[in-house]
Amino acid sequence: MKQVEIVIENSTGLHARPAKVLVNLAKQFKSNISIQHGAKRVNAKSMVSVLTLGAVKGSLVTLEAAGEDEEKAIQEISSAMRGGLGDVEPPAAAPREEPPAEASVSQTTAKPLKTADAPAGSVTEAGKSDRAKNILRGIGAAPGIAVGPVFHFKQMELDIENREPPPGSLSLNEALAQAKDQLKVLYQRMVDRKLAAEAAIFDAHGELLDDPELVESAQERVKKGENPLSAWRDAVEERAAAIGSLKDTLLAARADDLRDVGRRVLRLMLGMGDKGITLPDYPVIVIAEELAPSDTAMFDAERVLGFAIVNGGPTSHIAILARAMGLPAVVGAEEAILKLEVMTQVALNGNDGTLAVSPSPETLARVVEEQRRWLEERRTAQEQASNPAVTLDGYHVDVTANAGSDANAVEARKKGADGIGLLRTEFLFLERTTAPSEEEQFGVYRAIAETMQNLPVIVRTLDIGGDKPVPYIQMKPELNPFLGERGIRLCLNRPDLFRQQLCAILRAAPHGNLKIMFPMVSDVAELRRAKALLEEIRLELNLPAVQVGIMIEVPSAALLAEKFAPEVDFFSIGTNDLTQYTLAVDRGHPALAAMHDGLHPAVLRLIAHTIESAHRYGKRADICGELGSDAAAVPVLIGLGMDELSVSIPSVPTVKAQVRRLRMSELQPLAKKALECASAREVRDLVRQELKM
Ligand code: PEP
Ligand code: MG
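Residues numbered from 1 in each chain as written. Chains lettered and ligands numbered in written order. Predicted model: local features only at pLDDT ≥ 70, side-chain atom pairs only at ≥ 80, totals over all residues. Heavy atoms only, no water.

Draft legend 1. A look at the overall build of the chain. Scanning the chain for helices and strands turns up 25 helices and 21 strands. For the chain, the proportion of its 693 residues judged to be buried stands at 58%. Within the structure as shown, the chain displays about 27,800 Å² of accessible surface, and the carbon and sulfur contribution to it stands at 52%. (Helix = DSSP H or I, 4+ residues; strand = E, 2+ residues; numbered from the N terminus. Buried < 20%, exposed > 50% of the residue type's maximum accessible area, 1.4 Å probe, protein only. Areas by Shrake-Rupley, 256 points an atom, 1.4 Å probe, with all protein chains shown as cover.)

Right under this line is the structure:
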């Protein structure tokens, strides 16, 4: 038997991500491996047990191995633990804003409007006064319109008290195996839709079902004569309660995951198949306070016409999932939706984020017409995608795409993008154990430059740290990584890594039209240091100069834009981070998602100042945050003078089409008024009223 003592250095302790790395490593050894923290000793091959240890940063734990490979196990596991087990755990999973390429499919082929044949009594009687004024509002999260009866989604209570599994139903082991199969299917479905974060949820659920301690505990109970239903429920609940009792919001989410996956197995044992909830056998509009991705992924397109939820924002996982599934959706809706009577007829509009309650026949006819027009517009937008985006009075706006891979660049061209306004190079650096070589990077940048055939490609240098840690870059644990060593700060502190990337971009540039952009710049000195290094490399390699710009995503950079402008060729405004830092709202916080709105006048004033400063020095101002794809924001941004909108790939045709319907002479006064509003909601109302959107 071998033992070693280790101090946990991870900022968030033995949290989900490091715990997963630890458990997977431990599983590779034959020896029995355990970890002790205080009086508690647990099996290191059990994720659930490791989580319940409650080992926070600074905890002293004892790693113990007993068996044929104990020596090697102790050596490798302790060294991985000292190395941070994949390092910094971000405080909350931040959804990436880039909707998957598939979202384009849902946006252009969202299902046609269905008016559900709701059972008698559910539809407004004809002749009643038009109650369409009865509009409940939220934020349009996935486009499309649907009309149908309200169905309130609540997680079904599984009543198993004193209940034996129904005859012929699955045993615990069979249910576990089937649940794992279901999760694999869900995982693959998400991977196919390029929904990595959602795929990870189902992957994690699958791992929980592989947890030896959990499964053995339930099996032991069955052996002792306990009913398999309650044996499983109690084994799950015991552990979920232990994790939940650690009073840690991140772990609370793991406890919820465990209960969620536990219910999946129970449903199978109860012969309920894979349904977390029994939906009526006619199509409905689902209303809920919140929805888990696992609930939404199970929605059957024949029965769920769309959904409205109180929580969540337009960039939340649930919104991205809805877009990928082609389900019209409203998020951040007024709480009044929860009070709607079941079966009330509603018209859900995922385009403008409204829910018309008990619409009159006239309103219904209008909604049907709107949906028809919407589908027609999308079709035309796609047909005209490669035409330039020029307003009715001749103002030209470049509409480029945000890309994160070579495949994205191909897709962006198909969608008619005028270039790549933001190439997130992180894709080359994440999900691997060593940094990509200069040659590898050169190959990829060159391929993208060639794909875009001289259309501009803005290559953003590495923006990791913060929400995007990578295992091979050792970073000291940070209490607040979003305010830590990320973006340009990290690159300037690692000149070797930075140099390699700059060399690769400079070498690839002559193969197309590449420009370089530095992320997270907050101070002019950072820009100067980065530019000096770039120039040094360029002279060494004797290569032509490329245009250089910075992201404006930190309020200090926006406020001092006139100081930066003379030293750059362009600005690109990153509203995802700019909004986060201006409003003090974590961009990935699920409960605050509705507050993370870049149309907030405080953010708009920073954008306006940035554009003015750029233009004063004859430089371009672009936007590459998600706000540029938001139909309500496009008129305001153009009115403020934005030269280019770099949007999610699926949005390119629709944003271009929208620009063609606008008139700059109306947008400038609109933008001025927006700057005088007091809230994002006021700005959205203003745009809706002025442009009759
Ligand atoms: C932004 O912050 O708006 C942005 C585009 O950068 P990222 O989303 O990659 O942080
Ligand atoms: Mg950013």
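Draft legend 2. Representation of the coordination of the magnesium ion (ligand 2) in the model. On the protein side, the magnesium ion (ligand 2) has Glu553 (OE) and Asp577 (OD) as donor atoms, found 2.0 to 2.1 Å from it. Taken together, the positions of glutamate 553 in the loop between β18 (548–552) and α18 (555–559) and aspartate 577 in helix α20 (residues 575–583) put the pair 24 residues apart, joining distant regions of the chain. Under the relative-accessibility criterion, glutamate 553 is labelled buried at 2%. On the basis of relative accessibility, which here comes to 2%, the residue aspartate 577 falls in the buried class. (Donors = N, O, S within 2.8 Å, 3.2 Å for Na, K, Ca; no water.)

Draft legend 3. Focus on the sheet that holds strand β2 (residues 32–37). Spatial strand order, β1-β4-β2-β3: four strands in an open sheet with antiparallel pairing. Both edges of this open sheet fall to β1 (2–7) and β3 (40–43), since each of them pairs with a single strand only. Neighbour to neighbour, the strand axes of the sheet diverge by 25 degrees on average, direction disregarded. In this sheet, β3 lies alongside β2 in antiparallel orientation, the contact comprising four bridges. From the neighbouring strand, glutamine 36 faces β3, where its bridge partner is arginine 41. (Pairing = 2+ DSSP bridges. Axes fitted to C-alpha atoms, helices over the stretch in contact; angles between N-to-C directions.)

Draft legend 4. Fine view of the site of ligand 1. With respect to spatial proximity, 17 residues lie near ligand 1, and among them Arg424, Arg460, Gly574, Asn576 and Arg587 are the closest. Between an oxygen atom of ligand 1 and a side-chain N or O atom of arginine 460, the distance comes to 2.9 Å. Taking glutamate 553, its side chain carries an N or O atom lying 3.0 Å from an oxygen atom of ligand 1. Notes on ligand 1: free accessible area 290 Å², of which the protein chains cover 100%. Elements with a contribution of two residues or more to the shell around ligand 1: β15 (420–424) and α20. Ranked by residues supplied to the shell around ligand 1, first place goes to α20 with three residues. Class assignment for the residues of the shell around ligand 1 results in three nonpolar, four polar and ten charged. (Near = heavy atom within 4 Å. Polar contact = N/O pair within 3.5 Å; in protein donor to acceptor, adjacent residues only side chain to side chain. Nonpolar A, V, L, I, M, F, W, Y, C, P; charged D, E, K, R; others polar.)

Draft legend 5. Summary view of the side chain of serine 572. Here serine 572 is to be found in strand β19 (residues 570–573). Classification of serine 572 as buried rests on a relative accessible area of 1%. The residues touching serine 572, leaving out its near neighbours within four places in the chain, are Gly421, Met517, Ile550, Met551, Ile552, Asp622, Ile623 and Cys624. (Contact = heavy atoms within 4.5 Å.)

Draft legend 6. Highlighting the pattern of salt bridges. A full pass over the atoms with the stated rule returns 35 salt bridges. Note that glutamate 71 and lysine 2 form a salt bridge whose closest N and O atoms lie 3.9 Å from each other. Of the two residues, glutamate 71 sits in helix α3 (residues 70–82) while lysine 2 sits in strand β1, which places them 69 residues apart along the sequence. Overall, the relative accessible area of 54% leaves glutamate 71 in the exposed class. Residue lysine 2 is classed as partly exposed on the basis of its relative accessible area of 31%. Residues arginine 688 and aspartate 685 are paired through a salt bridge, measuring 3.0 Å at the closest nitrogen-oxygen approach. With arginine 688 and aspartate 685 both in helix α25 (residues 680–691) and three residues apart, the pair spans about one turn of that helix. Taking the relative accessible area as the measure of exposure, aspartate 685 reaches 25% and is therefore partly exposed. Members of the salt-bridge network, linked through shared partners, are Glu426, Arg460, Asp463, Arg486, Asp577 and Arg587. (Salt bridge = Lys/Arg side-chain N within 4 Å of Asp/Glu carboxyl O.)

Draft legend 7. The arrangement of the confidence of the model for the chain in detail. Per-chain confidence: the chain averages 85 in pLDDT, with 87% of residues scoring 70 or above. Predicted confidence for residues 88–132 stays below pLDDT 50, and this span has 127 contacts to residues more than four positions away or in other chains. (pLDDT = per-residue confidence, 0-100.)

Draft legend 8. Examining the packing of α20 against helix α21 (residues 601–616) more closely. Two elements in contact, α20 and α21, have axes separated by 9 Å at closest approach and are oriented at 125 degrees. With respect to α21, the axis of α20 lies oblique. Pair α20 / α21 crosses with right-handed handedness. Residues Thr575, Leu578, Thr579, Thr582 and Leu583 of α20 pack against Ala602, Val603, Leu606 and Ile607 of α21. (Parallel < 35°, antiparallel > 145°, perpendicular 65-115°, else oblique. Left-handed = near helix turned anticlockwise from the far one by under 90°.)

Draft legend 9. Broad picture of helix α12 (residues 361–383). Over its 23 residues, α12 extends 33 Å from the first C-alpha to the last, a length consistent with the 33 Å expected when each residue adds 1.5 Å. Listed in full, the buried residues belonging to α12 are Thr363, Leu364, Val367, Gln371, Trp374, Arg378 and Ala381. (Expected span 1.5 Å × (residues − 1).)

Draft legend 10. Structural context of the sheet that holds strand β7 (residues 145–152). Pairing within the open sheet is mixed, and its eight strands lie in the order β5-β12-β11-β7-β8-β9-β10-β6. The sheet is open, and its two edges are formed by β5 (135–137) and β6 (139–142), each paired on a single side. On average, each strand axis in the sheet is inclined to that of its neighbour by 35 degrees, with strand direction left out of account. As judged from the three bridges shared by β5 and strand β12 (residues 354–357), these two strands associate in the antiparallel manner. Its bridge partner lying in β12, arginine 137 is registered against threonine 354. On the sheet, α12 packs against β7 and β11 (345–349) and is oriented at approximately 120 degrees with respect to β7.

Draft legend 11. Expanded view of the nonpolar core. In terms of nonpolar packing, the biggest core is built from 101 residues, with Tyr445, Phe518, Ile607 and Leu645 touching the most fellow members. With residues near it in sequence (within four places) discarded, tyrosine 445 still touches Leu423, Thr425, Leu428, Phe429, Val459, Gln501, Ala504, Ile505, Ala508 and Leu514. In this structure, Phe29, Leu186, Trp232 and Leu266 belong to the second largest nonpolar core, which totals 80 residues. (Core = buried A, V, L, I, M, F, W, Y, C linked by side-chain atoms within 4.5 Å.)

Draft legend 12. Fine view of unusual backbone geometry. One non-glycine residue with positive phi stands out, namely methionine 520, at about 60 degrees. Here methionine 520 lies in the loop between β17 (513–518) and α17 (524–541). Under the relative-accessibility criterion, methionine 520 is labelled buried at 1%. In this structure, asparagine 542 is a non-glycine residue whose phi angle is positive, near 55 degrees.

Draft legend 13. Seen up close, the environment of histidine 596. Note that histidine 596 resides in the loop between α20 and α21. Exposure remark for histidine 596: the relative accessible area of 11% places this residue in the buried category. Taking the C-alpha atoms as reference, histidine 596 lies 6.6 Å from glutamine 580; in sequence the two are 16 residues apart. Discounting chain neighbours no more than four positions away, the residues touching histidine 596 are Thr575, Asn576, Thr579, Gln580, Val585 and Arg587. Within the structure, the side chain of histidine 596 is placed 2.9 Å from the backbone oxygen of asparagine 576, a separation counted as a polar contact.

Draft legend 14. Looking closely at the packing of α12 against helix α23 (residues 652–661). Between α12 and α23, whose axes approach to 8 Å, the crossing angle comes to 100 degrees. Classed by the angle they form, the pair α12 and α23 counts as roughly perpendicular. Contacts from Glu377, Arg378, Ala381 and Gln382 in α12 reach Pro653, Thr654, Ala657 and Arg661 in α23. Per-class residue counts for the contact of α12 with α23 are three nonpolar, two polar and three charged.

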